Each structure stands twice: as structure tokens, then as C-alpha cells.
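# Structural characterization, general
The residues making up each chain are set out below.
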Amino acid sequence: SRLEMEYTLRKCILELVSSPNFQQSHRNALTILGDYYGAERTCLCVFREEENLELYEWYADRKESLLDEEGTLKEKYKNGVWSSEELTTRPLILDNIDKLHQSYPEYYQSLMEQQIWSMYSLPLQHNEVRGTIYVINPKRHLGDLTVLNLLSVFLAAEVSKRVLWEKQEYELNYDKLT
């Protein structure tokens, strides 16, 4: 319902703007998003020029984390959908991976190994920031990307703002001539 969409979006945005801890606020917003879609996993992947990949995730009980103890993507997931910069350019709605079996067998096999049966993926693009937000194996609000789309626009702006703050902080602390 529209009220549930508005409530979910409001909770996500409030979480993102009210917490001083960037990583925790993103995990909390991904948790709210995962609950809304009844998903098994939600992820935010950000590709930056100076760094390869930042990944934030929420996953349901009985699911394995994509990240190791250092917070980097585990080796077995590095060739999968999580490191695909191609998905930063266009949305992807995959309601059943069986459709990929014949046309993209390698991609199909990779998704099967990661226990992904369906997924939504929307790009984040704002200034220098490129990324993707994923909803994996959703069970509710199927095909409705309204909340995901609005949240992706807001997240892109938030990540871009953080990148700008980091640059400004660096410039304040380090002389450009030395």
C-alpha cells in the first residue's frame, strides 16, 4: 500500500540522515528495505575511482555474509554479480533466473551458486559516485520498484556528499604543496 511505501521510505531516509556512523546507518536502512521486500539480502555496492569497491549488506537469518572479517568481499563472490560495474548503468529486474539458463549459462550458474533466484538491481549515479543497490530474492511487493528507486536517488546523493566531505577533510589536514 502507499502508506507502507511512504513509511518505509521515511524510515530509511531518517536512518541515513540521523546517524553519524555512515556504515551503520546504511546497514540499518538496508535492513528496513529488506523487511519491506521480504528479501533474503539487500546490498549497496559503491565503486569509487581511488578504491575498488565498498559493500554494505543486510542478510536474513541462515544466510552467509558476503564479507570477510575485514569487511571486504569474500573471494568466492568476487566474480559474481556483486562486483559487476556493468550493473551501475541500468536497472535490472530478474524475476526468475531460469530465463537465463539458455542465453547466459555462466551468469545463471554464478547466480545458482550464490542462491539468487530473483533480484532487483538499480544503479546509483551522482557526480563521481557509481554504484548499485540490490534486493535479492524478494517475496513481497514483487515488481514494485518505487521505494527502491526513490531510495537509490537519495543514497546516491548521500554517498556523493560523504565523498565530498572526505575530500574537504583531506584538504584541511594536508597541504597541497607538500
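Details of the structure are given in the entry above.
Figured I'd write up the structure that's included with this text. These numbers were taken from a predicted model, which means no experiment stands behind them. (Residues numbered from 1 in each chain as written. Predicted model: local features only at pLDDT ≥ 70, side-chain atom pairs only at ≥ 80, totals over all residues. Heavy atoms only, no water.)

## Notes on the environment of Leu-53
Threshold: Each helix is a run of DSSP H or I of at least 4 residues and each strand a run of E of at least 2, with the numbering of both proceeding from the N terminus.
Checked against the element boundaries, Leu-53 lands in the loop between strand 1 (41–47) and strand 2 (54–59). Taking C-alpha positions, Leu-53 is 8.9 Å from Gly-131, a pair spaced 78 residues apart along the chain.

## Examining the pairing of strand 5 (residues 129–136)
Rule in force here: A 1.4 Å probe rolled over the protein chains alone gives each residue an accessible area, and that area as a share of the maximum for its type sets the label: buried under 20%, exposed over 50%, partly exposed in between. Strand pairing is defined by DSSP finding a minimum of two bridges between the two strands.
With seven of eight residues buried, strand 5 lies mostly within the body of the structure. One ladder, built from seven bridges, connects strand 1 with strand 5; its direction is antiparallel. Of the residues in strand 5, the one forming a bridge with Phe-47 is Arg-130. Bridge count for strand 4 (residues 119–126) against strand 5 is eight bridges, and the pairing is antiparallel. Across the sheet, Leu-122 pairs through a bridge with Ile-133, a residue of strand 5.

## Re the packing of aromatic side chains
Cut-off, in case you're wondering: Stacked, edge-to-face and tilted are the three classes for Phe, Tyr and Trp ring pairs, Trp counted by its six-membered ring, which pair at centre distances within 6.5 Å; planes under 30 degrees apart are stacked, over 60 edge-to-face, the rest tilted.
Under the defined criterion, the tally for this structure stands at three aromatic pairs. Centroid distance Phe-22 to Tyr-56: 5.8 Å. Interplanar angle 75°. Geometry classified as edge-to-face. With Phe-22 in helix 2 (residues 22–37) and Tyr-56 in strand 2, this pair connects stretches of sequence that are 34 residues apart. For the residue pair Phe-22 and Tyr-56, the accessibility class agrees, reading buried in each case.

## Observations regarding the pairing of strand 1
Judged by how many residues are buried, strand 1 sits mostly within the fold: seven of seven residues are covered. A two-sided burial pattern is seen for strand 1, the buried positions comprising Arg-41, Cys-43, Cys-45 and Phe-47 on one face and Thr-42, Leu-44 and Val-46 on the other. By the bridge criterion, six bridges tie strand 1 to strand 2 in an arrangement that is antiparallel. Paired with Arg-41 across the two strands is Tyr-59, which belongs to strand 2.

## Overview of the pattern of salt bridges
The criterion, for reference: Here, a salt bridge means any side-chain nitrogen of Lys or Arg that lies within 4 Å of a carboxyl oxygen of Asp or Glu.
A full pass over the atoms with the stated rule returns six salt bridges. Here Arg-10 and Glu-6 are joined by a salt bridge, their closest N and O atoms 4.0 Å apart. Of the two residues, Arg-10 and Glu-6 both sit in helix 1 (residues 2–18), four residues apart, roughly one turn of that helix. For Glu-6, a relative accessible area of 30% translates into the label partly exposed. What you see here is one network of salt bridges that share partners, running through Arg-2, Glu-6 and Arg-10.

## Let's talk about the sheet that holds strand 1
Cut-off, in case you're wondering: Lines fitted to the C-alpha atoms define the axes, with helices restricted to the stretch that makes contact. Angles between their N-to-C directions range from 0 to 180 degrees. Throughout, a residue-residue contact means that at least one pair of heavy atoms, one from each residue, lies within 4.5 Å.
Taken together, the five strands give an open sheet; going across it, the order is 2-1-5-4-3, and neighbouring strands pair in antiparallel fashion. Taken across any chain shown, the strands that pair with only one partner, and hence form the sheet edges, are strand 2 and strand 3 (92–94). Put simply, the sheet's adjacent strands are angled 10° from each other on average, direction ignored. Running over the sheet, helix 2 touches strand 1, strand 2, strand 4 and strand 5 and is turned about 45° from strand 2.

## Details of the nonpolar core
Our working definition: What we call a nonpolar core is a set of buried Ala, Val, Leu, Ile, Met, Phe, Trp, Tyr and Cys residues that are connected through their side-chain atoms within 4.5 Å.
Ranked by size, the top nonpolar core spans 31 residues in total, and within it Leu-33, Tyr-37, Leu-44, Ile-133, Leu-148 and Leu-151 carry the most contacts. Among the secondary structure elements, those contributing two or more residues to this core are helix 1, helix 2, strand 1, strand 2, strand 4, strand 5 and helix 4 (146–173). Sequence-distant contacts of Tyr-37, defined by excluding residues within four places in its chain, comprise Tyr-120, Val-135, Pro-138, Lys-139, Arg-140, His-141, Asp-144, Leu-145, Thr-146, Val-147 and Leu-148. Of all hydrophobic cores here, the second largest spans 17 residues; its members include Leu-67, Leu-73, Tyr-77 and Leu-100.

## Comments concerning the side chain of Thr-42
To be explicit about the condition: Polar contacts, as counted here, are pairs of nitrogen or oxygen atoms within 3.5 Å of one another; within protein the pair requires one atom able to donate a hydrogen and one able to accept it, and residues that are adjacent in sequence qualify only if both atoms are side-chain atoms.
Looking at where Thr-42 falls in the secondary structure, it is placed in strand 1. The class of Thr-42 is buried, set by a relative accessible area of 0%. Only 2.8 Å separates the side chain of Thr-42 from the backbone oxygen of Leu-30, close enough to count as a polar contact. Residues within four places of Thr-42 in sequence aside, it is in contact with Leu-30, Thr-31, Leu-33, Gly-34, Tyr-56, Glu-57, Trp-58, Tyr-134 and Val-135.

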